[in-house]
Each structure stands twice: as C-alpha cells, then as structure tokens.
Amino acid sequence: MLVSNYSDSEKENNTNSQIPRHNLSFNAIQKEDWAQIMKEESINDFRSKDLTLALFYSTSLTSQNYINLIHIFSKFKDFKMPNPQEPNAYYAELINRDVGRTYQQIPFFKDKQNQDQIRNLLLNYTYHDPDVGYVQGMNFIAGTLVYFQVPQNQIIFNELIYKHRNIYIAGTPGLFENLALLKFKLKAKIPKLFKYLQEIGLNDFGICFSPYYLTMMLQNTPFQYQMLILNIYQLMGQKYITKLLIAMLKLSKNTIMKLKDVENVNKYIRSELVVKFFQEIEICKKEQRLIQLFFNIGLIRRINQQ
C-alpha cells in the first residue's frame, strides 16, 4: 500500500515553498486541507487538478486515506445501476478464464476466496449492464478493489465502469477516441519520439496503449500506487490517463528511442513505462524537486502559459 517516505514534520512544506518561485498554475493542498476533506467528506472547496497533483506529493495521507478518498471523490454518491437483465452466459465463461489471470504474480490472487470476490464483482456488473457485459481488463480493476478491501466495492466498481462504459461497449468507441487523442498529443508535444515510432513501424497505438485505458492504468502500476491511480481516475477520468501517458513518454523518451524495433518498444511501454515514472517520482520527492519534475514533463505549467 501507499506509504510516505517523509516524516510527518516535513508535511507539504517542500512543495509549498516552491510555488512562488516557479509561479505555477496550481494551488497546493496542505495537511489541514486533507483533514477538512476527510472530516467533511467533500471536495467542494478544492479544484480537481490541484487534488490530483497533491495525491503525488502529499506526505500526510495514510494508506486508509487513499482508500477512503475513492468514496469521497465519487461524483455519484447515490449511484444505482439500471434494472438488472439476464446476462449472456458467454460473459461468465470469459470471466472464469480471466479471474485466474489477474495479477498472477501475487499470491493473494491465487486464493479461491479472493478469486470468488473478483468473479462476483464482474458477474454482478454483467447482470446490470449486459450491453457492456465483460471486457478483458475489467478483472484488474476488480482485483485492485478486492486486494485493498475497498468498502462497498461493488458500488465503486459499477460506478467506475458505468461512467466510462464507452471504453468497453461494443466497438469500444471510447478506446479509439482516447488512442486518437494520445497520438495527436504525442505528435504535438514530443514530435521527435512520434517520428521515431513512425519510423520503426509503430503506427497502431492500440498495441502498446490499449491496456492502459482498459485497466484504468492498473495492470502494470506497482501495487503501492494503485489506489492513487484510482483516486485520480475518480477525479479526472479517461483524459487524465492520456495526460499521464504523455508525461511518462516525455520522461522515457531517450530510453525508448534507443530501442531498435517495435517488439522491444511495445514491451517497454506496456511493462516498464509506468514503473520508471513512479521510480522517478520517489527519487524527486527525496531530492525535493518533484515540482520541477511535474513542470518538465507537462503535468503543470507556468501561469503565463495558460
């Protein structure tokens, strides 16, 4: 689970002290702000983009806080699924197959009880939304909720999927829309990398990047950061995954451009890109230059650039 490397006394002072110097376009979220959010179970007084950045740099949040924030960040407090319908038996077969493939390297997910919890989350969703049913990738989202013992995990899972069902519905229009946006952003913001990927023959971005959208970026994210990612998804939705991917690609541009073929690039992007990102986050937190990193990779901007 997510554990801070900082002592309580350091708080968010390192972050706050950098803001006037850099004149950046966000407001720092401080320890007392988080206390208010937890007490009132509301984020009405705060901007989502400020909270999103604070999830990366805040040192006062506990593992349980990150779990509780999933509910606080929910935009549909009284969310209810549509009336249930009879699900297609085909989905049950797919679910049974994929439950055993969920985070296979973690012993927790080999336990039958835990597998049954994941299976139930997925089957219950198909019961209420048979037009979407089950799509490969949902199992990792369900697995994360079960692993962290998120309260009311069926409600949270249903909300996460239903709000973004255009990613999963027949024809996956949301997936293609996000991949097209990613390609456009990459060409505009990292043209050298875009050109290199074209030169080696990587034209279909779905090969590398589809899992990031279908699993809400969870599949290859280290477990200690998975609740952070789900919090961000609750706050910002699909488009922030694109923003994070562009930031990660900026960070790894030189590494990727040393890889000589599509196979190795695909392997790096799918399994190492997100790991390298969070490794750099931790290094920069220790060296008190996290805000500069955010600026360098485009997660924040100077005010005069808005």
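Residues numbered from 1 in each chain as written. Predicted model: local features only at pLDDT ≥ 70, side-chain atom pairs only at ≥ 80, totals over all residues. Heavy atoms only, no water.

Q: Go over the packing of helix H3 (residues 48-57) against helix H12 (residues 226-236) with me, naming the residues and quoting the values.
A: The relative placement of two packed helices comes down to the angle between their axes together with the axis-to-axis distance. Viewed as axis vectors pointing N to C, H3 and H12 meet at an angle of 175°, and their least axial separation amounts to 10 Å. Comparing the axis directions of H3 and H12 gives the class roughly antiparallel. Facing Ser48, Lys49, Leu51, Thr52, Leu55 and Phe56 of H3, the residues of H12 in contact are Leu228, Asn231, Ile232, Leu235 and Met236. The residue makeup of the contact of H3 with H12, split by class, is 7 nonpolar, 3 polar and 1 charged. (Axes fitted to C-alpha atoms, helices over the stretch in contact; angles between N-to-C directions. Helix = DSSP H or I, 4+ residues; strand = E, 2+ residues; numbered from the N terminus. Parallel < 35°, antiparallel > 145°, perpendicular 65-115°, else oblique. Contact = heavy atoms within 4.5 Å. Nonpolar A, V, L, I, M, F, W, Y, C, P; charged D, E, K, R; others polar.)

Q: Outline the nonpolar core, supporting the account with residue identities and numerical values.
A: Core analysis: the largest hydrophobic core is formed by 102 residues, its most contacted members being Trp34, Leu55, Tyr168, Phe209, Leu245 and Phe294. What tryptophan 34 contacts, discounting residues up to four positions off in sequence, is Ile29, Leu51, Ala54, Leu55, Ser58, Ser60, Leu61, Leu69 and Phe73. (Core = buried A, V, L, I, M, F, W, Y, C linked by side-chain atoms within 4.5 Å. Buried < 20%, exposed > 50% of the residue type's maximum accessible area, 1.4 Å probe, protein only.)

Q: Residue-level account of the layout of surface pockets, with values.
A: In this structure, the largest pocket encloses a volume near 490 Å³. If you trace the largest pocket, you find 21 residues lining it, with Lys243, Gly298, Leu299, Ile300 and Arg301 closest to the centre. Secondary structure elements with two or more residues in the lining of the largest pocket: H3, helix H9 (173-189) and helix H13 (238-251). Among the elements that make up the lining of the largest pocket, the one with the highest residue count is H13 (7 residues). Partitioning the lining of the largest pocket into residue classes produces 10 nonpolar, 4 polar and 7 charged. (1 Å grid on protein atoms, 1.4 Å probe; cavity = no way out; pocket = protein on both sides within 12 Å on 5 of 7 lines; lining within 4 Å. Points joined across faces, edges and corners; volume = space filled by probe spheres on them.)

Q: I'd like a description of a positive patch on the surface, backed by residues and values.
A: Taken together, the side chains of Lys49, Lys185, Lys189, Lys239, Lys243 and Arg301 define a basic patch exposed on the protein surface. The exposure class of lysine 243 is partly exposed, given its relative accessible area of 35%. (Patch = residues over 30% accessible without salt bridge, like charges linked within 9 Å, V, L, I, M, F, W, Y side chains within 5 Å. Areas by Shrake-Rupley, 256 points an atom, 1.4 Å probe, with all protein chains shown as cover. Salt bridge = Lys/Arg side-chain N within 4 Å of Asp/Glu carboxyl O. Lys, Arg positive; Asp, Glu negative; His and termini not counted. Charge placed at Lys NZ, Arg CZ, Asp CG, Glu CD.)

Q: Account for the side chain of serine 252, naming residues and giving values.
A: Structurally, the position occupied by serine 252 is in the loop between H13 and helix H14 (253-256). A relative accessible area of 0% means that serine 252 is categorised as buried. Setting aside chain neighbours within four positions, we find serine 252 in contact with Tyr268, Leu273 and Lys276.

Q: Let's hear about the pattern of salt bridges: which residues, and what values?
A: Applying the stated rule across the entire model yields 9 salt bridges. For aspartate 98, the salt bridge goes to arginine 97, with nearest N and O atoms at 3.5 Å. Note on aspartate 98: relative accessible area 2%, which makes it buried. Judged by relative accessible area, which is 42%, arginine 97 ranks as partly exposed.

Q: Can you lay out the environment of proline 107 for me, pointing to particular residues and giving the numbers?
A: Within the fold, proline 107 resides in the loop between helix H5 (89-99) and helix H6 (112-128). Proline 107 gets classed as exposed once you look at its relative accessible area, which sits at 64%.

Q: So what's going on with the side chain of glutamate 159? Which residues, and what values?
A: Considering the arrangement of structural elements, one finds glutamate 159 in helix H8 (residues 153-163). You can call glutamate 159 buried: its relative accessible area is 1%. Discounting chain neighbours no more than four positions away, the residues touching glutamate 159 are Ser74, Lys75, Phe76, Phe79 and Gln234.

Q: An account of helix H2 (residues 31-40) is requested, with residue identities and associated values reported.
A: Buried residues of H2: Asp33, Trp34 and Ile37, and no others. Seen end-on, H2 carries its buried residues on one side only, within an arc spanning 100°. Exposed residues pointing more than 90 degrees away from the buried face of H2 are listed as Glu32 and Lys39. Close packing links the buried residues of H2 with H3 and helix H4 (63-72). Directly after H2, the chain includes glutamate 41, whose backbone phi takes a positive value near 50°. (Arc of directions from axis to C-beta.)

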